[in-house]
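# Descriptive structure summary
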Amino acid sequence: MSDQNDRAAWLKGPGAECSIKPGPRRRPRRFVLLGAPGVGKGTQAELLSARLGACQLSTGDIFRAAKSIQVCERSPALNTALDAMKKGELVTDGTVLDMVGERVGCLRCCGGFLLDGFPRTVAQAEALHALLKQEQITLDAVLSYELPLDTIIARLSGRRTCATCKAVYHLQSKPSKVEGTCDACKGALIQREDDRPESVKVRMAAYADSTAPLTDYYERQGLLVRIAAEGTPEAIYQRSLETLAARAGLSLDAYRGAT
Ligand code: AP5
């Protein structure tokens, strides 16, 4: 794990410095990852990040990292956000946009980015559009991962996360070597609070009401790329890359090399 960027500037805010500074890129990649909770966005973001170099910027990860701040030191807005998250509800647009606005340096980063879990409403997408325009940054594409609901629920209910290093496992598709223990750091594997059935129901409803309309929004902008999220993580990653290369009119090698 030590050669992985700790994403400190994203997770802790603008006062923090990332452990690894990206080298110059010929063509930094800038994507938004869309899809229902549990479809596998985080898993794909990790693969894309490791191979294309762009940094995974997950708004959910910012909130989970903020849980380690003492309750008395949290702002009222952060406490309200963590409470909403636990129940599976969306955090208010205002709170999310304040957080992303503070971290605009991560959008400017010369390594590129993979926005994971943001935007999640049309209002957030419009605000992101304005922010990127102001920074003269363009998105390459919006990857929309799609999967039948019953498979998504199976992925969510079997997910286990390391309480220490946050590595993600799955009881069936990616079990740890020793049950309940992280392979990487030996931390305890736990179920996320919002992966309990009562929160999952609320999250799926919030997705259908607020996030699914984003596919139309980005389709109208000519940025939407639909990816079937069936199969192994590696197969989905290859499918993503092939689709992006075809869209750019490049061979797979040329697309990879253009980064
Ligand atoms: P967030 O952390 O963004 O969660 P999410 O979008 O609900 O997505 P998940 O992390 O649950 O799933 P994923 O798609 O990344 O799947 P994963 O790769 O882990 O947000 C959490 C909460 O924060 C929200 O509910 C909200 O309250 C708040 N929030 C965050 N951003 C917000 C915003 N912008 N606005 C408002 N509120 C916001 O995979 C799932 C499991 O499946 C894993 O166990 C994995 O190992 C397994 N798996 C993955 N791929 C495969 C495969 N191909 N085959 C088999 N198993 C697989």
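Our subject in this report is the structure included herewith.

What counts and what doesn't
- Residues numbered from 1 in each chain as written.
- Predicted model: local features only at pLDDT ≥ 70, side-chain atom pairs only at ≥ 80, totals over all residues.
- Heavy atoms only, no water.
- Core = buried A, V, L, I, M, F, W, Y, C linked by side-chain atoms within 4.5 Å.
- Buried < 20%, exposed > 50% of the residue type's maximum accessible area, 1.4 Å probe, protein only.
- Contact = heavy atoms within 4.5 Å.
- Near = heavy atom within 4 Å.
- Polar contact = N/O pair within 3.5 Å; in protein donor to acceptor, adjacent residues only side chain to side chain.
- Areas by Shrake-Rupley, 256 points an atom, 1.4 Å probe, with all protein chains shown as cover.
- Helix = DSSP H or I, 4+ residues; strand = E, 2+ residues; numbered from the N terminus.
- Nonpolar A, V, L, I, M, F, W, Y, C, P; charged D, E, K, R; others polar.
- Pairing = 2+ DSSP bridges.
- Axes fitted to C-alpha atoms, helices over the stretch in contact; angles between N-to-C directions.
- Expected span 1.5 Å × (residues − 1).
- Phe/Tyr/Trp six-rings, centres within 6.5 Å; stacked < 30°, edge-to-face > 60°.
- Lys NZ or Arg CZ within 6 Å of the ring centre and 35° of its normal.
- 1 Å grid on protein atoms, 1.4 Å probe; cavity = no way out; pocket = protein on both sides within 12 Å on 5 of 7 lines; lining within 4 Å.
- Points joined across faces, edges and corners; volume = space filled by probe spheres on them.
- Parallel < 35°, antiparallel > 145°, perpendicular 65-115°, else oblique.
- Salt bridge = Lys/Arg side-chain N within 4 Å of Asp/Glu carboxyl O.

### Points about the nonpolar core
One recurring pattern in soluble globular proteins is that nonpolar side chains are buried together. One finds F63, L107, L115 and Y218 to be the most contacted residues of the largest nonpolar core, which totals 35 residues. Apart from the residues lying within four places of it in its own chain, the contact partners of Y218 are L34, P119, A125, L128, L139, V142, L223 and L224. Formed by 28 residues, the second largest nonpolar core is a distinct cluster that contains I152, L156, V200 and A245.

### Structural notes on the site of the ligand
If you check the shell around the ligand, you find 35 residues, and the closest are T43, R64, E89, R159 and R203. A distance of 2.8 Å separates an oxygen atom of the ligand from a polar atom in the backbone of Y169. A distance of 2.8 Å is found between a nitrogen atom of the ligand and a backbone nitrogen or oxygen belonging to G231. Calculation on the ligand without its partners gives an accessible area of 1,000 Å², and the protein chains cover 95% of this total. Among the elements of the structure, α2 (41-52), α3 (59-66), α8 (149-157), β6 (168-170) and α11 (233-248) are those that each provide at least two residues to the shell around the ligand. Split into classes, the residues belonging to the shell around the ligand amount to 14 nonpolar, 12 polar and 9 charged.

### Observations concerning the sheet that holds strand β5 (residues 159-162)
Across the sheet, 3 strands lie side by side as β6-β5-β7; this open sheet has antiparallel pairing. Of all strands in the sheet, those with a lone pairing partner are β6 and β7 (189-190), marking the two edges. In terms of strand pairing, β5 meets β7 through 2 bridges, oriented antiparallel. For T161, the partnering residue across the bridge sits in β7 and is I190. Contacts from α8 reach β5 and β6 within the one sheet, and its direction differs from that of β5 by about 35 degrees.

### A closer look at α11
A rise of 1.5 Å per residue sets the reference length of α11, with its 16 residues, at 22 Å; its end C-alpha atoms lie 23 Å apart and thus fit the reference within 8%. On its buried face, α11 sits against β1 (29-34), α2, β4 (141-146), α8, β8 (224-228) and α12 (252-257).

### Overview of the environment of L57
Along the chain, L57 turns up in strand β2 (residues 55-58). Among the residues examined, L57 registers a relative accessible area of 1% and is labelled buried. Setting aside anything within four residues of it in sequence, one finds L57 in contact with W10, C106, L107, F113, L114, L115 and D116.

### Quick word on the packing of aromatic side chains
Aromatic rings considered in pairs are described by the distance between their centres and by the relative angle of their planes. Counted according to the given criterion, the structure contains 1 aromatic pair. Centre to centre, the rings of Y217 and Y218 are 5.0 Å apart; their planes meet at 85 degrees, and the pair counts as edge-to-face. In this structure, R29 is placed above the aromatic ring of Y255, and the distance from its NZ or CZ to the ring centre is 4.1 Å. Above the plane of the ring of Y169 lies K174, whose end atom (NZ or CZ) is 5.7 Å from the centre.

### Description of the layout of surface pockets
Considered as a void within the structure, the second largest pocket measures approximately 220 Å³ in volume. Along its surface, the second largest pocket is lined by 13 residues, and R64, K67, I190, R192 and E193 are the ones closest to its centre. Residue assignment for the lining of the second largest pocket shows that the elements contributing at least two residues are α4 (76-87) and β5.

### Quick word on the packing of α3 against helix α5 (residues 93-102)
For any two helices packed against each other, one specifies the inter-axial angle together with the distance between the axes. It is the contact of α3 with α5, at a shortest axis distance of 11 Å, that shows an interaxial angle of 95 degrees. It follows that α3 is roughly perpendicular to α5 by the angle criterion. From α3, T59, I62 and F63 reach across to α5, where they touch V96, M99 and V100. Of the residues assigned to the contact of α3 with α5, the class counts are 5 nonpolar, 1 polar and no charged.

### Here we look at the pattern of salt bridges
For the coordinates displayed, the defined rule picks out 16 salt bridges. Among the ionic pairs, E102 bridges to R103, the shortest N-O distance being 3.4 Å. A salt bridge links D194 to R203, with the shortest nitrogen-to-oxygen separation between them at 3.7 Å. Exposure class is identical for D194 and R203. Each is buried.

### Some thoughts on the side chain of R7
Mapped onto the fold, R7 is located in the segment before α1 (8-12). Taking the relative accessible area as the measure of exposure, R7 reaches 16% and is therefore buried. R7 has contacts with C18, C55, Q56, S58 and D61, leaving out every residue within four places of it along the chain.

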